[in-house]
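Topology and contacts: notes
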Amino acid sequence: MGKHLTSIGDLENWEVEKIFEYAEEFLERGGNGELKGRVVINVFFENSTRTRSSFEMAAKKLGAEVINLDVERSSTSKGETLFDTAANLDAMGPDAIVVRHRWAGVPELLSKYLRHSVIINGGDGAHQHPTQALLDLFTLRRKWGDVKGKKIAIVGDIRNSRVANSDIELLTRFGVEVTLVGPPQFLPQLPLPKSYKLEEVLDKVDGVIALRTQTERHHSPTFASLHDFAVLYQINGEKLKGRSIVILHPGPVNRNVELSDEVVEGENSLILEQVKNGVAVRMGILKYLLEG
Ligand code: ASP
């Protein structure tokens, strides 16, 4: 059994480099049956478009079989505990289980009960989304080469974002200078530069990671409306004003809230590059975790 990936801290920098080396190769020449005969189960207890299909695509491109567990019809909805569901899946002998859950810590807890399979965190609550951070760093590296000393602003609902947690940790480990931007109620207590004023920060950064407002995790309204958020924090053509800042977003984008249409589709946008690279990076992750 290989190594679990429940949080970005599970990987040392040299392991990240190895995964990126594989991903570069896969981007160039595609998969070649590296995981033939292996089985990956996707268990997504929370909605997903990109992450789930990206893992499915990645596994299939490597020749593995993929089972997508239909959570609505699974036995957890009949009262089976999450642990029993996981232990039963594990007993069938898959090589990897990709799990997403709205509770922070579920992938790590489950990893302790599995005997055969490797757990990969596909996003847990507001805690971690390690594969997103890997594909974000990979995308920046392909754009810039070395990322050391580059300046990135993460803009939006950072406090409730698992993407932000994993990105902050990984990007700073590789020397990126991260500034957190948003209204006070969206900013976490972290020892990093913070700003409430997007325009000021745009003068100083090389790139922006924009985030969706995670309303599903808000217990009470934190902003009068998404429109009010957009007035202050939307990145649009006017605010970019010919700057060459690159724009990333993990998706799903709420168009004309965090990013205007023209920015989503504009030349600064790396959003579809992220999606494309996401498959290659997840191929690299599967190969690394299952084969070393
Ligand atoms: N797709 C990302 C996630 O699963 C970001 C988002 O949902 O806004 O965390």
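Everything below is about the structure shown above.
Quick summary incoming for the structure in this document. (Residues numbered from 1 in each chain as written. Predicted model: local features only at pLDDT ≥ 70, side-chain atom pairs only at ≥ 80, totals over all residues. Heavy atoms only, no water.)

With that settled, consider the sheet that holds strand 2 (residues 65-69). Strand order in the open sheet formed by four strands is 2-1-3-4, and the pairing between neighbours is parallel. Sheet topology places strand 2 and strand 4 (118-124) at the edges, where each strand pairs with a single neighbour. Averaged over all pairs of adjacent strands, the angle between strand axes in this sheet comes to 15°, irrespective of strand direction. (Pairing = 2+ DSSP bridges. Helix = DSSP H or I, 4+ residues; strand = E, 2+ residues; numbered from the N terminus. Axes fitted to C-alpha atoms, helices over the stretch in contact; angles between N-to-C directions.)

Arg-100, His-129, Arg-162, Val-163, Arg-212, Gln-214, Pro-250, Gly-251 and Pro-252 make up every residue found near the ligand. At 3.0 Å from an oxygen atom of the ligand is found a side-chain nitrogen or oxygen belonging to Gln-214. Residues that form the shell around the ligand fall into these classes: three nonpolar, three polar and three charged. (Near = heavy atom within 4 Å. Polar contact = N/O pair within 3.5 Å; in protein donor to acceptor, adjacent residues only side chain to side chain. Nonpolar A, V, L, I, M, F, W, Y, C, P; charged D, E, K, R; others polar.)

Another aspect to go through is the nonpolar core. Ranked by size, the top nonpolar core spans 57 residues in total, and within it Ile-120, Leu-134, Ile-154 and Leu-286 carry the most contacts. Here this core gets nine residues from one element, more than from any other, and that element is helix 11 (residues 271-291). Excluding residues within four positions of it along the chain, Leu-286 makes contact with Leu-35, Val-40, Phe-55, Ala-58, Ala-59, Leu-62, Ala-96, Ile-120 and Glu-291. (Core = buried A, V, L, I, M, F, W, Y, C linked by side-chain atoms within 4.5 Å. Buried < 20%, exposed > 50% of the residue type's maximum accessible area, 1.4 Å probe, protein only. Contact = heavy atoms within 4.5 Å.)

Another point: the sheet that holds strand 8 (residues 207-210). Pairing between sheet strands relies on hydrogen bonds along the backbone, with the strands arranged either parallel or antiparallel. Read across the open sheet, the five strands follow the order 7-6-5-8-9; overall the sheet is parallel. Strands at the two margins of the open sheet, each flanked by one partner only, are strand 7 (194-195) and strand 9 (246-248). The sheet contact formed by strand 8 and strand 9 spans three bridges and is parallel. Bridge pairing links Val-208 to Ile-247 in strand 9. Sheet strands in contact with helix 6 (residues 162-173) are strand 5 (151-155), strand 6 (177-181) and strand 8, and its direction is about 155° off that of strand 6.

This part is about helix 5 (residues 130-144). Between its terminal C-alpha atoms helix 5 stretches 21 Å, which fits the 21 Å expected from 15 residues at 1.5 Å a residue. Most of helix 5 is tucked away, with twelve of its 15 residues classed as buried. Listed in full, the buried residues belonging to helix 5 are Pro-130, Thr-131, Gln-132, Ala-133, Leu-134, Leu-135, Asp-136, Leu-137, Phe-138, Thr-139, Leu-140 and Trp-144. (Expected span 1.5 Å × (residues − 1).)

Here the focus is the packing of aromatic side chains. A full pass over the atoms with the stated rule returns five aromatic pairs. Considering the side-chain rings of Trp-14 and Tyr-288, the 6.5 Å spacing of their centres and the 85° angle between planes classify their relative orientation as edge-to-face. Of this pair, Trp-14 sits in helix 1 (residues 13-29) while Tyr-288 sits in helix 11, placing them 274 residues apart in sequence. Taking the centre distance of 5.9 Å and the plane angle of 45° together, the rings of Phe-186 and Phe-229 count as tilted. With Phe-186 in the loop between strand 6 and strand 7 and Phe-229 in helix 8 (residues 226-233), this residue pair connects regions lying 43 residues apart in the sequence. Looking at Lys-150, its charged tip hangs above the ring of Trp-144, at a distance of 4.9 Å from the centre. Its end group placed over the ring of Tyr-22, Lys-287 keeps NZ or CZ at 4.4 Å from the ring centre. (Phe/Tyr/Trp six-rings, centres within 6.5 Å; stacked < 30°, edge-to-face > 60°. Lys NZ or Arg CZ within 6 Å of the ring centre and 35° of its normal.)

Here we come to the packing of helix 1 against helix 11. Where helix 1 meets helix 11, the axes come as close as 8 Å, and the angle between the chain directions of the two elements is 120°. As the angle between them shows, helix 1 and helix 11 are arranged oblique. Between helix 1 and helix 11 lies a crossing whose hand is right-handed. Seen from helix 1, the contacting residues are Trp-14, Glu-15, Lys-18, Ile-19, Tyr-22, Ala-23, Phe-26 and Leu-27; seen from helix 11, they are Lys-276, Asn-277, Ala-280, Val-281, Met-283, Gly-284, Ile-285, Lys-287 and Tyr-288. Classifying every residue of the contact of helix 1 with helix 11 by side-chain character gives eleven nonpolar, two polar and four charged. (Parallel < 35°, antiparallel > 145°, perpendicular 65-115°, else oblique. Left-handed = near helix turned anticlockwise from the far one by under 90°.)

Moving on, we come to the environment of Ser-54. If you trace the backbone, Ser-54 turns up in helix 2 (residues 50-61). Judged by its relative accessible area of 7%, Ser-54 is buried. Separated by 224 residues in sequence, Ser-54 and Gly-278 place their C-alpha atoms 6.7 Å apart. If near-sequence neighbours (up to four positions away) are discounted, Ser-54 is found in contact with Gly-278, Val-279 and Arg-282.

What follows covers helix 8. Within helix 8, burial applies to Phe-229, Ala-230 and Tyr-233. Buried residues of helix 8, seen end-on, are gathered within an arc of 100° and therefore sit on one face of the element. Helix 8 presents His-227 and Val-231 as exposed residues on the side facing more than 90 degrees away from its buried surface. The secondary structure elements touched by the buried residues of helix 8 are strand 5, strand 6, helix 7 (198-202) and helix 9 (237-240). (Arc of directions from axis to C-beta.)

Attention now moves to the packing of helix 1 against helix 5. Where helix 1 contacts helix 5, the axes come no closer than 11 Å and their chain directions differ by 65°. Here helix 5 runs roughly perpendicular to helix 1, going by the angle between their axes. The chirality of how helix 1 crosses helix 5 is right-handed. Across the interface between the two elements, Val-16, Glu-17, Phe-20, Ala-23, Glu-24 and Leu-27 of helix 1 pack against Leu-134, Leu-137, Phe-138, Arg-141 and Arg-142 of helix 5. Residue composition of the contact of helix 1 with helix 5, by class: seven nonpolar, no polar and four charged.

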